[in-house]
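# Observations on the model geometry
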Amino acid sequence: CTTSALQPFEVARRHQAVQTMDSFLRWWRGGSRGERRTINTTPLPQRYELYHRKRRNEGVSLIAACCIAFNLVMGSGFLALPAAVARCGLILSPITMGVVCLVMLTSLAWEAEAMARAEALEARALRGQSSSPSLLSRVRRPSLSDRTFEVCELCRIFCGKKLEMAYAGTFLLYYLATLWAYAFVFAEALSTFSPLFGHEACKHDVACVTYRKCTFIFGILAVPLSILEPGEQISFQMVMSVMRVVIVVLMASTALLSAYGVDFGPGFGPGAATSTAPFVRFAGLGRLLPATVFAQNMGGQVPLVAREMRDRDDLNKALCAGLAGSFVLYSILAVSVAYSFGSIAKAANCQWDAFGVGIPYSVLLDGIRWLVVLFPAVDVFS
């Protein structure tokens, strides 16, 4: 009796989902060019095959997709983590970062699932099916093919236009703040480069003229790279993945070596002997959580990774590799620097301003210093 009473509700709910997809398709076809125009002129039986074909011979490989996902996660957020870890604790911090990583991976899996379900609904609408079987009985394993849905589209399909507008507004504010942070990181790193600016080089002063020039340079250089799709800059993405690993290894190893007595100059320290970093301090979670959420945030980036992949059945592997790799490197870097320097009040790479200074014939140390100090300026572009 209960089952029969629920059947009309289920039928109505499924019918509403199909109507929502039909409404979305009518809006999507309303564009003036490209695929939106083509889908209007393509005969109905051919639409699904044209826009939802498997692309086994197109796109990037799994390794390249892992590099894209890794670079999307590991941006400039790692610069603030050591200071937060020094306040939260050397044991509690990696545990918290691991929990945030799992939550982010779960949200990415749900995002990919929503894309697959939207594709199944779209396929049903394009084929003109009037029956209303269960989605999971019709598509036992929802999957992604050639069509990718942005999060704004998913909000419109499943939740309506109001949520779409709310998400778009939140997304805009978030990325305005992110670009502001990237400009700050670029200008602070580049303006300290004395071989380039000489006596005009700044020492982390936002009022410095050179600092403002570097901010303007960031705005000029960021535009052409923003136009390129990740698949069009795949060589750059793979090089940046290797460089990130190299930088983290250099920073962690030199910090620990300095902590245990290796002399890298009088201004590089103070070392583990005077480190005040605790093991567990719950009062520091308020500082750590925002830093680690920003550092590991990949929300809304699943369509970007999926769009570039040759075989989208491996999407989960690329996302897992990107998040897991960033979590490991974040943990190593943050714990090493926090243990070696204790509480620091500035970006982690700024600790290397004095690395090798005062040591004669230290060409290698000078190279490491400038590589660590300047890398964030290059890092924000990828």
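Residues numbered from 1 in each chain as written. Predicted model: local features only at pLDDT ≥ 70, side-chain atom pairs only at ≥ 80, totals over all residues. Heavy atoms only, no water.

### Regarding the overall build of the chain
For the chain, the helix and strand inventory stands at 16 helices and 0 strands. For the chain, the share of sequence-separated contacts (at least 6 apart) that also reach a separation of at least 24 residues comes to 79%. (Helix = DSSP H or I, 4+ residues; strand = E, 2+ residues; numbered from the N terminus. Contact = heavy atoms within 4.5 Å.)

### Structural notes on the packing of aromatic side chains
Going through the model one piece at a time under the given rule, you end up with 8 aromatic pairs. Grouping aromatic residues by their ring pairs yields a cluster made of Y167, F171, Y174 and Y175. (Phe/Tyr/Trp six-rings, centres within 6.5 Å; stacked < 30°, edge-to-face > 60°.)

### Considering the nonpolar core
Counting residues in hydrophobic clusters, the biggest one holds 57 residues, and the most contacted among them are L81, F186, M251, Y330, F341, W352 and F355. Mapped onto this core, the elements with two or more residues apiece are α5 (81–88), α6 (92–126), α9 (161–190), α11 (209–227), α12 (234–259), α13 (285–295), α15 (315–341) and α16 (363–379). Non-local contacts of L81, meaning those with residues more than four positions away in its chain, are made with M97, L288, A291, T292, A295, Y330 and A334. If you look at the next biggest cluster of nonpolar residues, it comprises 26 residues, including I68, L108, A112 and M298. (Core = buried A, V, L, I, M, F, W, Y, C linked by side-chain atoms within 4.5 Å. Buried < 20%, exposed > 50% of the residue type's maximum accessible area, 1.4 Å probe, protein only.)

### Quick notes on the packing of helix α4 (residues 62–73) against α12
Any two packed helices are characterised by how steeply their axes cross, that is the angle between the axes, and by the distance between the axes. Relative orientation of the contacting elements α4 and α12 amounts to 65°, with a least axis distance of 9 Å. The crossing of α4 and α12 is left-handed. Residues I63, A64, C67, I68, F70 and N71 of α4 form the contact with α12, whose participating residues are I234, Q237, M238, M240, S241 and R244. Within the contact of α4 with α12, the residues separate by chemical class into 8 nonpolar, 3 polar and 1 charged. (Axes fitted to C-alpha atoms, helices over the stretch in contact; angles between N-to-C directions. Left-handed = near helix turned anticlockwise from the far one by under 90°. Nonpolar A, V, L, I, M, F, W, Y, C, P; charged D, E, K, R; others polar.)

### So, the environment of K213
By the element assignment, K213 lies in helix α11. Looking at K213, the relative accessible area reads 45%, which means it is partly exposed. On a C-alpha basis, the gap between K213 and A187 in space is 8.0 Å, while along the polypeptide they are 26 residues apart.

### Quick notes on the pattern of salt bridges
The full count for this structure, using the stated rule, is 5 salt bridges. The salt bridge involving R156 is made with E164; its shortest N-O contact spans 2.9 Å. As far as burial versus exposure is concerned, R156 and E164 are alike and both buried. Between K317 and D314 there is a salt bridge, with the nearest N and O atoms lying 3.6 Å from each other. Residue K317 is classed as partly exposed on the basis of its relative accessible area, which comes to 47%. Take D314: its relative accessible area is 18%, and that puts it in the buried class. (Salt bridge = Lys/Arg side-chain N within 4 Å of Asp/Glu carboxyl O.)

### Topic: the environment of S336
Summarising the element assignment, S336 is placed in helix α15. A relative accessible area of 8% means that S336 is categorised as buried. Residues S336 and P82, spaced 254 residues apart in sequence, show a C-alpha to C-alpha distance of 8.1 Å. Among the polar contacts listed, one links the side chain of S336 to the backbone oxygen of I332, at a separation of 2.6 Å. (Polar contact = N/O pair within 3.5 Å; in protein donor to acceptor, adjacent residues only side chain to side chain.)

### Describing the confidence of the model for the chain
In this model, the chain carries a mean pLDDT of 76, and residues with pLDDT of at least 70 account for 71%. A low-confidence stretch, residues 29–56 (pLDDT under 50), is modelled with 51 contacts involving residues beyond four sequence positions or located in other chains. (pLDDT = per-residue confidence, 0-100.)

### Details of α16
Taking 1.5 Å per residue, 17 residues should reach 24 Å; α16 reaches 23 Å between its end C-alpha atoms and fits that length. Remark: the principal bend of α16, roughly 35°, maps to V373, with a proline, P376, within the next four residues. Buried residues of α16: L365, I368, R369, W370, V372, V373, L374, F375, P376, A377 and D379, and no others. (Expected span 1.5 Å × (residues − 1). Bend = angle between axes of the 7 residues up to and from the residue.)

### Describing α4
For α4, built from 12 residues, the straight-helix expectation of 16 Å at 1.5 Å per residue is met to within 8% by its first-to-last C-alpha distance of 17 Å. Every buried residue belonging to α4 is among A64, A65, C66, C67, I68, A69, F70, N71 and V73, and all of these are buried. Buried residues along α4 sit in contact with α12, α13, α14 (302–308) and α15.

### Notes on the packing of α9 against α11
Where α9 meets α11, the closest approach of the two axes is 8 Å, and the angle between their N-to-C directions is 130°. In terms of axis orientation, α9 runs oblique to α11. Crossing handedness for the pair α9 and α11: right-handed. On the side of α9, the interface is formed by L179, Y182, A183, F184, F186, A187, E188 and L190, while α11 contributes Y211, C214, T215, I217 and F218. Split by residue class, the contact of α9 with α11 holds 11 nonpolar, 1 polar and 1 charged. (Parallel < 35°, antiparallel > 145°, perpendicular 65-115°, else oblique.)

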